[in-house]
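Architecture and fold: a report
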Amino acid sequence: MTPIEPGFWFVAAGAAKVLAVFSIVMVAVAYMTLAERRVSAFIQDRLGPNRVGRFGWLQPIADGIKNILKEETMPGTASRFYFLLGPALAIIPATATFAVIPFAAPLPTPKGAVDMVVADVPVGILYILALSSLAVYGLVLAGWASNNKYAFLGGLRASAQMISYEVALGLSLIAVLMMTGNVTLTEVVRQQQELGLWFVLPLSLAFVFFVVSAFAETNRLPFDMPEAESELITGYHTEYSAMKFSMFFIAEYAHVLTASALMATLFFGGWDVPFWKGDNMFWHDGALIRGFDEAGAPVLAAPSLWITLATLASFAAKTAFFVFLFIWVRWTLPRFRYDQVMHLGWKVMLPAALGYVVLMAGTMLVLAQLGVEFGLRYGLALTGVSGLATLAFFFFLDRDRIVGGAHAKRKFSSGRLASAAASND
Amino acid sequence: MATSYIPLLIILGVSVVNAVGMAVASHVLNPSRPTPQKAMPYESGMIPLGDTRARFSIKFYMVAISFIVFDLEAIFLIPWAVRMRELGWGPFVAVFLFVVVLAVGLAYEWKKGGLEWD
């Protein structure tokens, strides 16, 4: 199988993939709002919306129609242009980020094999980092332009929180880049197939950092400080109603979807079907191969429609699990205080992520020195080192010392506070 | 390959059209019955007091400045990270020194109270 030639069919295939992925993301986002309400209802022993259509199936459509027909309000003192620009800037990067994530094995067509990724660009992960940090502009502009004190505080909090956790997010990605030696996500998937282990094992602590930063980046509980209802009404989108509110909502869920897809791709093998070698295929000298034989000659892969569908199902299942995790955590953990959020980001995650990058780089170089080839043994050695680092992180680094509640302050600050508390009794 | 960027441009275009389309569609379809109360900022039902464009805590600036330093650090590490295994020990030591310098910077900021919020 050869790749599709650059030309008319390449662009046509690209446009078809764009439309398919864009519509699937929008539909998935609509049903994630329903899933959120249903799952939260089940967690709280309620039924949730189940009246519009069977099992509430048509609820997202009804919500959409309601939102588009409702009256929009805008404070008379708001900055009109930026008030409109805010939601647009929030939703544009959110819907465009999914483009570089591969979602299935290449599909054979009469014109050549088509990669199942919208754009397999050489910058890969860097595109995602760049676009996801653009999202912060939408929130800050919305908060500032509303001319509302709560919205303003929400926008400020959103900006400080998102840029803080972007540092830890970038550093956790560096460990992945060291393993793959490339920044494209197709290569990340291929290296996990070749290693025989998903990166969640050899890079366990990076996965922890990535999950925590992803929750903070998407402003989901326990990090939803920018829209903490009990403090800020709803934060930066307090003044937004109807469709403009919907745009922020869609943007947030699209970010959740992209973050879940990224967790699946970077750490859980992407579209790789576990324990099965038949789906291993990658491009080598313009041919789609599944690996190399003993003599080092390439072995041709046999892409087919059902392999593409099986890998697509595998990718969808992994992504759906992480979407569920986002909802599950939301209804399990209480919200942090703002100072705890910032302390966790700067005093715990940043130094630990830096140390972890140095530790993993050193381990990889030692393994190379010992002559261990990139393969299962290499992966297992890294799994051991990384597992120890993860254990150390959880057991020694933060036991109420840096990110603690009020009782921790009393315990660790010597004298004054403790005696003040005692004299109050 | 430069051609691989074409679908990226298409999806960015589709996203922009989608965002503009949503705003325009609701603007055309929704009713507009403004009242003075609707045009007031919503601050929990209270009549807003004071100016929103007031001064706010300097800590947000501190965070932004620290972010520039440490995010650039992550960006500088990426080119090394992708070639790390081929480059070997020499660049590793160089990167280690770079990280140590920044860690000292972080420790200084921490000690000076730049990361405190209470």
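Going along each chain's sequence as written, the residues are numbered from 1 onward. As they are written, the chains are lettered A onward and the ligands numbered 1 onward, keeping that order. Reporting of local features is limited, given that this is a predicted model, to residues whose pLDDT is at least 70; pairs of side-chain atoms are given and counted only at 80 or more, and all residues count toward the totals for whole chains, interfaces and linings. Excluding hydrogens and water, the side-chain values take into account all heavy atoms of the structure.

1. A closer look at the overall build of chain A
Counted only if it meets this: Each helix is a run of DSSP H or I of at least 4 residues and each strand a run of E of at least 2, with the numbering of both proceeding from the N terminus. To get the radius of gyration, use the C-alpha atoms; to get the globule rule, take the number of residues to the power 0.38 and multiply by 2.2 Å. Burial here depends on accessible area, computed with a 1.4 Å probe over protein chains only, as a share of the maximum for the residue type. Under 20% is buried, over 50% is exposed, and the range in between is partly exposed. Only heavy atoms matter for contacts: two residues are in contact if any of them lie within 4.5 Å across the pair. All accessible-area figures derive from a Shrake-Rupley calculation using a 1.4 Å probe, and residue coverage is judged against the displayed protein chains alone. The charge count includes Lys and Arg as positive and Asp and Glu as negative, but it does not include His or the ends of the chains. By convention, the point assigned to a charge is CZ for Arg, NZ for Lys, CD for Glu and CG for Asp.
Along its length, chain A carries 14 helices and five strands. Taken against the 2.2 N^0.38 rule, which gives 22 Å for 425 residues, the C-alpha radius of gyration of chain A at 24 Å falls within 12% of a compact globule. With respect to the principal axes defined by its C-alpha atoms, chain A has extents near 80 × 60 × 40 Å. Within chain A, the proportion of its 425 residues that are buried is 58%. Considering only intrachain contacts with a sequence separation of at least 6, the fraction spanning at least 24 residues in chain A is 75%. Surface accessibility of chain A: about 17,500 Å² in total, with carbon and sulfur atoms responsible for 68%. Within chain A, the 28 negative side-chain charges are centred at a point lying 9 Å from the centre of the 29 positive side-chain charges.

2. What about the interface of chain B and chain A?
So the rule is basically this: Defined in terms of a 1.4 Å probe, buried area is the accessible area two parts forfeit on being brought together, summed over both. By convention in these notes, a salt bridge is any Lys or Arg side-chain nitrogen within 4 Å of a carboxyl oxygen on Asp or Glu. Here a polar contact means two N or O atoms within 3.5 Å. Within protein one must be a hydrogen donor candidate and the other an acceptor candidate, and residues neighboring in sequence count only if both atoms are side-chain atoms. In this classification, the charged set is Asp, Glu, Lys and Arg, the nonpolar set is Ala, Val, Leu, Ile, Met, Phe, Trp, Tyr, Cys and Pro, and all remaining amino acids, among them Gly, are polar.
Across the boundary between the two partners, chain B contributes 66 residues, which contact 86 residues of chain A. Taken together, both faces of the contact between chain B and chain A bury some 6,700 Å²; the carbon and sulfur share is 73%. There are zero salt bridges connecting chain B and chain A. Taken together, the links from chain B to chain A amount to eight residue pairs in polar contact (both at pLDDT 80 or more). Looking at the side of chain B that touches chain A, the elements that each hand over two or more residues are helix 1 (6–29), helix 2 (59–87) and helix 3 (89–111) of chain B. For the side of chain B that touches chain A, the element with the most residues is helix 2 of chain B, which contributes 17 residues. Partitioned by chemical class, the residues of the side of chain B that touches chain A number 43 nonpolar, 12 polar and 11 charged.

3. Remarks on the nonpolar core
Generally speaking, soluble globular proteins have nonpolar side chains that are buried together. Put simply, the rule is: Only buried residues count toward a nonpolar core. Its members are Ala, Val, Leu, Ile, Met, Phe, Trp, Tyr and Cys residues joined through side-chain atoms within 4.5 Å. For the purposes of this description, domain bounds are those given by an automatic or database domain assignment.
Counting 157 residues, the largest nonpolar core has A:Met178, A:Leu203, A:Leu266, A:Phe267 and B:Trp80 as its most contacted members. Each of domain 1 (2–39) and domain 2 (58–112) of chain B accounts for three or more of the residues forming this core. Filtering out sequence-adjacent residues up to four positions away, A:Leu203 remains in contact with A:Ala175, A:Val176, A:Met179, A:Phe267, A:Tyr356, A:Met360 and A:Ser386.

4. Description of the domain arrangement of chain B
Domain assignment breaks chain B into domain 1 (2–39) and domain 2 (58–112). Its C-alpha centre places domain 1 of chain B at a distance of 39 Å from the equivalent point of domain 2 of chain B.

5. Considerations on empty space enclosed by the protein
All names here are of chain A. Heads up, the condition is: Residues are said to line a cavity or pocket when one of their atoms sits within 4 Å of a point; the points come from a 1 Å grid over protein atoms alone, cavities being sets where a 1.4 Å probe fits but cannot get out and pockets being open sets with protein on both sides within 12 Å along at least five of seven lines. Grid points are joined across faces, edges and corners, and a volume is the space filled by probe spheres set on the points.
In this structure the tally under the stated criterion is four cavities of 30 Å³ or more. Together, 17 residues line the largest cavity, and Ser 132, Leu 169, Glu 217, Ala 259 and Leu 262 are the ones closest to its centre. Of all the secondary-structure elements, those providing two or more residues to the lining of the largest cavity are helix 4 (125–145), helix 5 (149–180), helix 7 (204–217) and helix 9 (242–267). No other element matches helix 9, which puts five residues into the lining of the largest cavity. Partitioned by chemical class, the residues of the lining of the largest cavity number 11 nonpolar, five polar and one charged. There is about 120 Å³ of room inside the second largest cavity. Looking at the second largest cavity, the residues that line it are Ala 90, Ala 135, Leu 139, Met 162, Glu 217, Thr 218, Asn 219, Tyr 236, Phe 248, Ala 251, Glu 252 and His 255. Of all the secondary structure elements, the ones that give two or more residues to the lining of the second largest cavity are helix 4 and helix 9.

6. Here we look at the pairing of strand 2 (residues 112–116) of chain A
Residue and element names in this part refer to chain A. Short version of the rule: Whether two strands pair comes down to DSSP finding at least two bridges between them.
Summarising burial for strand 2: four of the five residues are buried, a large majority. In this sheet, strand 2 lies alongside strand 1 (residues 104–109) in antiparallel orientation, the contact comprising four bridges. In the strand pairing of strand 2, Pro 108 is matched with Ala 113.

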